[in-house]
Amino acid sequence: MTRAWHAQELASLALELATDPERGLDPGEAAVRLSRHGPNALPEPPAASPLALLLRQFSSLIVWVLVAAAILAGLLEEWVDSAAILAIVALNGLLGFVQEYRAERSLAALRRMVVVMAHAVRDGALVSLPAAELVPGDLIQIEAGDRIPADARLVYAAGLQTQEASLTGESAPVAKSATGPIPEPTPLGDRANLVHMGTAVVTGKGRALVVSTGPRTELGRIAASIEQAAREEQDEAPLQRRLERLGHTLLWVCLGVVAVVFVAGVLRGEPLVALFLTAVSLAVAAIPEGLPAVVTITLAVGVTRMAKRNALVRRLPAVETLGSTSVICTDKTGTLTRNEMTVTELWQPDGRFQVTGEGYKPAGEFRRDGAAIGSGMLSGLTLFLRALVLCNGAELRQRDGVWLIEGDPTEGALLVVAAKAGLGKSDQEAEAGIVGELPFDSERKRMTVVRAGPEGVVAYVKGAPDLLLQVCTHAMDSQGLVVELDDALRARILGANVELASGGLRVLGAAQRLLAQIPGTCRADELETGLTFLGLAGMEDAPRPEAKRAIEDCTRAGIRTVMITGDHKGTAQAVARELGLPHADAQVLAGADLDRMDGAALTAEVGRIGVYARATAEHKLRIVRALKSGGAVVAMTGDGVNDAPALKAADIGVAMGITGTDVTREAADMVVTDDNFASIAAAVEEGRGTFDNIRKSAHFLLSCNIGEVLLMLFATLLGMPLPLLPVQILWVNLVTDGLPALALAVDPKDPDLMGRPPRRREEPILSRDRVLAMFGQGCAIALVSTASFAYCLYIMDLDLERARTIAFMTMVGAQLAHALNCRNERLSLFSIGFFSNPALIGAIAVSALLQAALVLMPWSREVFKLAAFDFQHWALAIGAAVLMLALMEGWKAAVRGRRVN
């Protein structure tokens, strides 16, 4: 059981760690502990070898059915057929391998996050040493700009603030202090006396006793969660499950047809060798050899389309999985919001001001009652903004055209709002130099900077409004009028603070005091008294405007958006309301509430909760698993280290490309390169379009295969010779059908794509209606081809090779025409546009030319056992194509009429 380091007295903790909180460990003792506890590093798991990744591509049943058909063809010395099937299997495996080669490197990315060097006190002396050599009991020293090398309990802190967004999800820097014990159930983000491995020091400095190293740190626990999720969440993607079911179905259909034909042949007394040749022909006809490759390439086309819309897919099945997503679990900070604090409201005793503009760019205006104002007209407002600048440790800089904050993001937001009024920090500091400072601490919850300038010596103070008011005696309005701070005005200010905070804003107050002289020493009880209150500044991590539109698109598409954040309940709910998140006004569940719920209770509630606050990595994992257990296809988005295990556990993990950590990107199936939630909605649309096109390709290939099987079956049952040889069927399946099937992969998306509900997790690739349509269309292809073969063989009295050639050409013509029919199962080809998919027109033209070359060239006629062709035979093949097109247009018209009725 993990010890509650934050809940112990410092003295008892030092005793348990057997260390001196002032002098640290003896170097000899540190070496002993290093051998006992191991290095302060995350364990390195065995990486998946390239060979293992390659072999994984051949685990599908449909692939092994193809391999079996190739072996059978080889046993019958049909070497061309056998080699062609094996080549297709190899090509498909290679494509999948290339896409997944870099898929499993999450823990390697975690190790890259760990700092290389650390500063520790050993036997009273400060030394620099590799972070991997730190042990429990070491006394470390940290300051602004450092990354924390291990989990540690603070023994001293001065103005210390850390950025823990990547670990807890909370966007604002967290104040740390060497306080006493904190109650054991306190959430991770509220343990002010602990600092954590991998987080960063924003301001201040401190010393701390190392309590956990390597895999025992919070970061190590996340690494273990990722590894566990990778082991536990081995369920296949929806598309993989559907393809496996399709493979099983094809296997049994193939065996059934072969059995019927074989038994019929034996009863007629046909030679066994001829029956085996027929069996191979039927197997080749029944199995869509090109389907695995077509599916893989269709997914690759989807990857390309998504990349153009700022979504990089790292695993091919993720394209289709995203299209079937029914729930998107999203982090707040940096995903729905900009991860840039922005002041949006200013309050002074005589009015409230709205500030426009987003992010760190110092562009915007001040509004009062809806009308823009010039801040220079209001002297009190200008003094308020000036105080926010002069009591500030951050810097606002422009680099490569982008405005950036160096330091605390909250202080940076105050610099930006002042810059919008023309008050730049460098200009203000040039007029008023700093002569003293009291840094922020968690007890006073304020900081003070003393400056000497034209107005004299002034103490500028900012901090938590409620505690700041306790040391104020006067207040200034926006016109510069100073009044005494009586109880009524004090109540108004506190009420304004509550109102701003309830709207999800983080609120800071500012005050000042004119001093008689430069103080000899800076003491809080002397400087922070008799202050004049200047106003309140309300800021937020502004929601992305495009995120609201994306959430609306997802809702219309039947996709629930669930926000999971490390922020407080009030902030989370306010942001959810502003974004129009479904269930935003319903119950908000906090991490502490989740801890009190067992798995069954969470599963029962998870369907109606839209916002989770104060959530840890373990909470996110539980939420994702509860949603999946209810049948949802879950996408999890995020950018912090704390998101990585949940991303790994979800059906599809979506990482942010700009603000996302290496850990998150490596754990994800997809990376959004512009950190824009709207790109996720676009990726969902592309995923749905990709699955639609896979369906079209599968429909085309399988209906053509059904036509081939029925042609062979009809001929066998009627006592006719084989109308097609295995090598001819293979040519049709891989070349003639393959190109149009690939062209269907880039068919334009249907306009109502995002108006449909998500597909069910277990919904087959081909619905019952589609299967019936495929059998009807396959039967039409078979009848046309059988009639052509019989006419040539028995009426025109042609030899078998010539009759087979005409049946071959007729089958190809009918199937090429059928490719046009498969673009839409309901709408006429002419209503969606005959030429609206130029790739398909080109593929049909190329396939027709290849087919013509196959018949016209003597060497290819010999390989494929074809006869020479004359004009009337060409007319027969073209007539079959036109007939097929007319039959399918009539079929669609009947379907439309039935639906209308």
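Shown above is the structure to which this text applies.
Scope of this entry: the structure provided in the associated data block.

### Notes on the pattern of salt bridges
Link 1 in the chain: Across all of its chains, the model carries 36 salt bridges by this definition.
Link 2 in the chain: For the salt bridge of Glu-455 with Arg-386, the shortest nitrogen-to-oxygen distance reads 2.9 Å. Placement of Glu-455 in the loop between β17 (446-453) and β18 (456-463) and of Arg-386 in helix α14 (residues 379-390) is noted, with a sequence separation of 69 residues between them.
Link 3 in the chain: What makes Glu-455 partly exposed here is its relative accessible area of 41%.
Link 4 in the chain: Relative accessible area serves as the criterion here: at 7%, Arg-386 is assigned to the buried category.
Link 5 in the chain: Ionic contacts of the salt-bridge type, sharing partners, join the residues Arg-309, Glu-685, Glu-686 and Lys-749 into one network.

### A look at the side chain of Arg-614
Link 1 in the chain: Along the chain, the position of Arg-614 falls in the loop between β25 (611-613) and α24 (617-629).
Link 2 in the chain: Polar contacts involving the side chain of Arg-614 include one to the side chain of Asp-190, which spans 2.2 Å.

### Thoughts on a nonpolar patch on the surface
Link 1 in the chain: Among the surface-exposed residues, Ile-71, Leu-72 and Leu-75 lie close enough to one another that they form a single nonpolar patch of about 290 Å² accessible area.
Link 2 in the chain: One can find Ile-71 in helix α4 (residues 61-75).

### Considerations on the side chain of Ser-785
Link 1 in the chain: Along the polypeptide, Ser-785 turns up in helix α30 (residues 768-795).
Link 2 in the chain: Here Ile-781 takes part through its backbone oxygen, which lies 2.9 Å from a polar atom of the side chain of Ser-785.
Link 3 in the chain: Filtering out sequence-adjacent residues up to four positions away, Ser-785 remains in contact with Leu-711, Ala-807, Thr-810 and Met-811.

### As for the sheet that holds β25
Link 1 in the chain: With mixed pairing, eight strands are arranged side by side in an open sheet as β8-β28-β27-β26-β9-β23-β25-β24. Strands with a single pairing partner mark the edges of an open sheet, and in this sheet they are β8 (311-313) and β24 (588-590). Averaged over neighbouring strand pairs, the angle between their axes works out to 20 degrees when direction is ignored.
Link 2 in the chain: With three bridges joining them, strand β27 (residues 652-656) and strand β28 (residues 670-672) adopt parallel strand pairing. Counterpart to Ala-655 in the pairing with β28 is Val-671.

### Comments concerning helix α20 (residues 545-556)
Link 1 in the chain: Look at α20: 18 Å from first C-alpha to last across 12 residues, which is about the 16 Å you get at 1.5 Å a residue.
Link 2 in the chain: When α20 is considered as a whole, its buried residues turn out to be Glu-546, Ala-547, Ala-550, Ile-551 and Cys-554. Seen end-on, α20 carries its buried residues on one side only, within an arc spanning 140 degrees.
Link 3 in the chain: The secondary structure elements touched by the buried residues of α20 are β9 (327-330), α13 (332-336), β23 (560-564), α21 (569-579) and α27 (677-717).
Link 4 in the chain: Just past α20, the residue Gly-558 takes up positive phi, approximately 80 degrees.

### With respect to the pairing of strand β2 (residues 125-130)
Link 1 in the chain: Sheet analysis places strand β1 (residues 117-122) next to β2, joined by six bridges and oriented antiparallel. Across the sheet, His-119 pairs through a bridge with Ser-128, a residue of β2.

### What to know about the packing of α27 against α30
Link 1 in the chain: Contact geometry for α27 and α30: axes closest at 7 Å, N-to-C directions at 45 degrees. Classified by the angle between their axes, α27 and α30 sit oblique to one another. Every pair of crossing elements has a handedness; the one defined by α27 and α30 is right-handed. Contacts from Arg-695, His-699, Leu-702, Ser-703, Cys-704, Ile-706, Gly-707, Leu-710, Leu-711 and Phe-714 of α27 reach α30 at Arg-770, Ala-773, Met-774, Phe-775, Gln-777, Gly-778, Cys-779, Ile-781, Ala-782, Leu-783, Ser-785 and Thr-786.
Link 2 in the chain: Per-class residue counts for the contact of α27 with α30 are 13 nonpolar, seven polar and two charged.

Rules and cut-offs
- Residues numbered from 1 in each chain as written.
- Predicted model: local features only at pLDDT ≥ 70, side-chain atom pairs only at ≥ 80, totals over all residues.
- Heavy atoms only, no water.
- Salt bridge = Lys/Arg side-chain N within 4 Å of Asp/Glu carboxyl O.
- Helix = DSSP H or I, 4+ residues; strand = E, 2+ residues; numbered from the N terminus.
- Buried < 20%, exposed > 50% of the residue type's maximum accessible area, 1.4 Å probe, protein only.
- Polar contact = N/O pair within 3.5 Å; in protein donor to acceptor, adjacent residues only side chain to side chain.
- Patch = residues over 30% accessible without salt bridge, like charges linked within 9 Å, V, L, I, M, F, W, Y side chains within 5 Å.
- Areas by Shrake-Rupley, 256 points an atom, 1.4 Å probe, with all protein chains shown as cover.
- Contact = heavy atoms within 4.5 Å.
- Pairing = 2+ DSSP bridges.
- Axes fitted to C-alpha atoms, helices over the stretch in contact; angles between N-to-C directions.
- Expected span 1.5 Å × (residues − 1).
- Arc of directions from axis to C-beta.
- Parallel < 35°, antiparallel > 145°, perpendicular 65-115°, else oblique.
- Left-handed = near helix turned anticlockwise from the far one by under 90°.
- Nonpolar A, V, L, I, M, F, W, Y, C, P; charged D, E, K, R; others polar.

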